[in-house]
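What follows is the residue order along each chain.
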Amino acid sequence: MTRSTDGGLLSSQEAAERVAASLKKRGRSERRFQYLGIAAITCSILFLVLLFTGIFSKGIPGMFQHYVTLEVFLDKNRMDPQGDMSPDSLYTGDARGLVNESLMSALGNPEGRKAKRAARSILSSSSPSRLAEFAVKHPELIGQKVAVKFAVDDDIDSFMRGFISRETPESDRRINNQIIEFVDRLNQASLISYEFSDYLFSGSASRDAEIAGIKGALIGSIWTLGVCLLIAFPLGVATAVYLEEIAPKNRVTEIIEININNLAAVPSVVFGIMGLAIFIIAFGMPRSIPLVGGIVLALMTLPTIIISSRAAIRAVPPSIRDAALGVGASKMQTILHHVIPPALPGMLTGTIIGMAQALGETAPLLMIGMVAFIVDVPGGVTEPATALPVQIFMWADFAERMFIQKTSAAIIVLLAFLITMNAGAIILRKKLERRW
Amino acid sequence: MSLTSLILPLLIIGAIYFYLGQHWGRRQWALGSVKLHSLPRYYGFWTGLVATVPALLLLIFLSLGDDFLFKSMLKQFYPSDVLDGDVVVRAIAFTKVMNLVEGVRFGVQEPWVEAAASAWIGWQKVADLVIASVTIGCSLVAGIFAYRQISPTFRARNGVERIILWALIACSSIAIFTTIGIVLSVLFESIRFFKLIPIQDFIFGVEWNPQFEGAERAGSGGGTATYGMLPMFAGTFLISAVAITVAVPIGLFSAIYLAEYASLKTRSVVKPLLEVLAGVPTVVYGFFAALTVAPFVRSVGASLGIEVASESALAAGLVMGIMIIPFVSSLSDDVINAVPQSLRDAAYGLGSTKSEAIRQVVLPAALPGIVAAIILAVSRAIGETMIVVMAAGLAANLSFNPLDAVTTVTSQIVTILSGDQEFESAKTLSAFALALVLIVVTLALNFFALQIVKRYREQYD
């Protein structure tokens, strides 16, 4: 019954009228509320779309670059003065001269120092070593005239993509009119091609955008994740088994649980600081090595693995334990033979998700010095290395226009890895997890 | 070096003892004359584990310990000026010796360095030999002991299970040790910092201008170093406030819509999409913030005639807000789903519309959980590093204007500690003090969130 304003009871007809009168307004506010929800979801999805289109629109072109195809005469004597095709001999040889000569002839042998310098600046400074590598790979072609593709300098690449405009006054442009004329000439002879960059996956860190690649960083990430997995998986599973199956409910167990929750809440950069203070300052381990990086990331991902492993163990029905105990298995036999095997898919799923987290993590690795400029591909866990997200962070700092594209391309590679890992986790869960 | 090359021989010895033990058990089993207490393989595990585990622990202990011993023995070679010098001088002397040991030569070294290096190499050889013989000897002897110990009545299974149990306990305690390690490492360095800079100057100081002592001595630093954390605290607060302003409405309304209105199909599509936002690496968000959002905010400001710093708190905060939307939405979603259907049905029964039921019944019931979710999101925002490092800049302004450039605790830590640094300077140590503040704040927020959930949670069943 609804009371009227003066406290008396309303008749049912009056009450119904009042409700009917308010219905329109209430319906409007109901719709408004629903629209707010839709707007909120649209907003977040819009952000997601913006983020991904932003990255992909720059990253896909970043996977390609411009090459100049030149006819080079692979002169045995000039390239390889010692005649043994050893790296030493090749690098003392005159590959640079061979590349320059064929470039000049492709441009119609320009006269004058200025024009020659302009011509030389078209090719990446790495061209001679590319020729040497080509010769090592195809020894049968030595002594012949062959077409070799050379990467163009990153400024020329920007020009070809239209980032540097012809209309800009020459003094404000990074490349002068002479260079533009040469590039046009090469273009008319259709010697310039736009192809998938072979430096992206095979090149290492470099200040030159056109030859910079993620090979070293990717291998560094793999080493780091390997260490992380070897430490975090056994530790995480063992902790989960102990806490879920064995631990008595006492003070010590409680402290362990509180600590795991705290570790999950600690910002990732703090793990890096701990790694710096304990492993590098106190234990005197070297900086920048995947071993320390892996340990730090392992401690960071431990809570994720423990929590999901506990959930997986809890999902194994008690009847299975009772059955095993009933036929005379010991407590440990029950756990090892009848609880862990069915819980393993769930544990692996959690581990993969934890590894994906570790793969994307940057801040702790900066703390332990994995941010160094490392050209060599790391050959082990104790060699200086960098990691993919750190490489992205470093490239993002470089001012050259082409590095923005390279960075986006590296981000796409990182995202591809993360998506594969997460998809793998989902598939694993769907395929192997048993519903009891 | 000796550590990795000795693990394999120890494992081989363990495998041999495992085989011996198991073989013994199988023979007894086949004879059938006596009743074995355990299955044959447990005898194998027992002998194998006894042969390897203590030897491995000994190996780790010895190979970690020998460097410390050598370092103290090295003192006899140091000339008096090094011994009297401060920590930096001794560190340089030590590096000189280690370079020679590793075969790296820069010009001619003093004779004492040569002598120390050759002595170190000699010790290393002796130590490698000693460690190898001690661990392998220990492994062999322990194995023989275990092998002789086993008999048909020997409780091998219980022994093996006890070892597994202790291994499990050891693994679980790693979480404790990590926490202790974090707290102690940060605390010790912070105490050293507070010996140089009074704690009240750090907490209440309004100017942050760290300088290396070297720069100060050389007079090139321009003024003395000041370590007041308030500007950074203000910056962190400002950026987190922007982030929360973005994330809470969007996250909360998304959660309400998904939990109450969305069809099962919509939910199964939208929910993973929101989770993707949480899975994107923070370095990608940082790149996005610095490259896309910051220039966008700046140009919008310029078109409105407002001066916006190129590394504004607004841009970093916006992107951070996007990042924490899923934290708010998925936690709130869980909490809203946990409100029992009977409450909603009661509200509908009284004639309320769906939104009235949500606003007046479901949300109040879920409020403690939602508040906890928001607090956790705040703690996430405070600890977030890469976005602010890449998009928020380093200018330590004490400002509450989101259009200004500010800096945060985490970005200062990264700037100070990444790259080479001298560990003794107040500047380096200040990063540890900042980390201490960060840990205390995030753990306090976490604790606070847990308490809210515990105290105000309604028990419905």
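Residues numbered from 1 in each chain as written. Chains lettered and ligands numbered in written order. Predicted model: local features only at pLDDT ≥ 70, side-chain atom pairs only at ≥ 80, totals over all residues.

J.: Explanation requested: the interface of chain A and chain B in the structure shown.
T.: Interfaces are often sized by the accessible area lost when the parts come together. If you look at the interface, chain A gives 64 residues, while chain B gives 67 residues. Here the side of chain A that touches chain B gets 18 residues from one element, more than from any other, and that element is helix α1 (residues 12–62) of chain A. Class assignment of the residues belonging to the side of chain A that touches chain B gives a composition of 47 nonpolar, 15 polar and 2 charged. (Contact = placed C-beta atoms within 7 Å. Helix = DSSP H or I, 4+ residues; strand = E, 2+ residues; numbered from the N terminus. Nonpolar A, V, L, I, M, F, W, Y, C, P; charged D, E, K, R; others polar.)

J.: Any chance you could explain the packing of helix α14 (residues 354–383) of chain B against helix α17 (residues 426–456) of chain B here in plain terms?
T.: A pair of packed helices can be characterised by two numbers: the angle between their axes and the separation between those axes. Residues and elements named next belong to chain B. Running from N to C, α14 and α17 point in directions that differ by 170°, and their axes come no closer than 8 Å. One way to sum up the angle between α14 and α17 is to call them roughly antiparallel. On α17, the residues touching Pro-368, Gly-369, Val-371, Ala-372, Ile-375, Leu-376, Val-378, Ser-379, Ile-382 and Gly-383 of α14 are Leu-438, Val-441, Thr-442, Leu-445, Asn-446, Phe-448, Ala-449, Ile-452, Val-453 and Tyr-456. (Axes fitted to C-alpha atoms, helices over the stretch in contact; angles between N-to-C directions. Parallel < 35°, antiparallel > 145°, perpendicular 65-115°, else oblique.)

J.: Is there a simple way to think about unusual backbone geometry in this case?
T.: Across the chain, the bulk of peptide bonds are trans and the bulk of non-glycine residues have phi less than zero. All names here are of chain A. Even without being a glycine, Ser-190 presents a positive backbone phi close to 45°. Relative to the elements of secondary structure, Ser-190 occurs in the loop between α8 (177–188) and β3 (192–196). With 8 C-beta atoms counted inside 10 Å, the residue Ser-190 sits in the exposed group. Phi angles above zero are rare outside glycine, and Ser-288 is one such case at about 60°. Among the structural elements, Ser-288 can be located in the loop between α12 (268–282) and α13 (290–314). (Buried ≥ 20, exposed ≤ 12 C-beta atoms within 10 Å, placed from the backbone.)

J.: Just to check I follow, could you spell out the confidence of the model for chain B for this structure?
T.: Low-pLDDT portions of the prediction should not be read for the details of their coordinates. Of the residues in chain B, 93% reach a pLDDT of 70 or more, and the chain-wide mean stands at 85. Across residues 215–222 of chain B, confidence stays below pLDDT 50; counting only partners more than four residues off in sequence or on other chains, it has 7 contacts. (pLDDT = per-residue confidence, 0-100.)

J.: Where do I start with the packing of α12(A) against helix α6 (residues 156–196) of chain B in this structure?
T.: α6(B) packs onto α12(A) with a crossing angle of 70° between their chain directions and a minimal axis gap of 9 Å. Judged on the interaxial angle alone, α6(B) and α12(A) are roughly perpendicular. Residue-level inspection shows Val270(A), Ile273(A), Met274(A), Ala277(A) and Ile278(A) of α12(A) in contact with α6(B), the latter providing Gly181(B), Ile182(B), Ser185(B), Val186(B) and Glu189(B). Among the residues forming the contact of α12(A) with α6(B), the class breakdown is 7 nonpolar, 2 polar and 1 charged.

J.: Help me out: how do you make sense of the environment of Ile324(B) in this one?
T.: Residue and element names in this part refer to chain B. Structurally, Ile-324 is set in helix α12 (residues 313–338). Judged by local crowding, Ile-324 falls into the buried class, with 27 C-beta atoms found within 10 Å. The spacing of Ile-324 and Val-246 is 78 residues in sequence and 9.0 Å in space, taken between C-alpha atoms. Residues contacting Ile-324, with those up to four places away along its chain left out, are Ala-243, Ala-247, Ala-377, Arg-380 and Ala-381.

J.: Can you walk me through the environment of Gly369(A) in this structure?
T.: All names here are of chain A. As for its placement among the helices and strands, Gly-369 is situated in the loop between α16 (363–367) and α17 (388–397). Gly-369 sits 99 residues away from Val-270 along the chain, and the two C-alpha atoms are 14 Å apart. The residues touching Gly-369, leaving out its near neighbours within four places in the chain, are Arg-287 and Ser-288.

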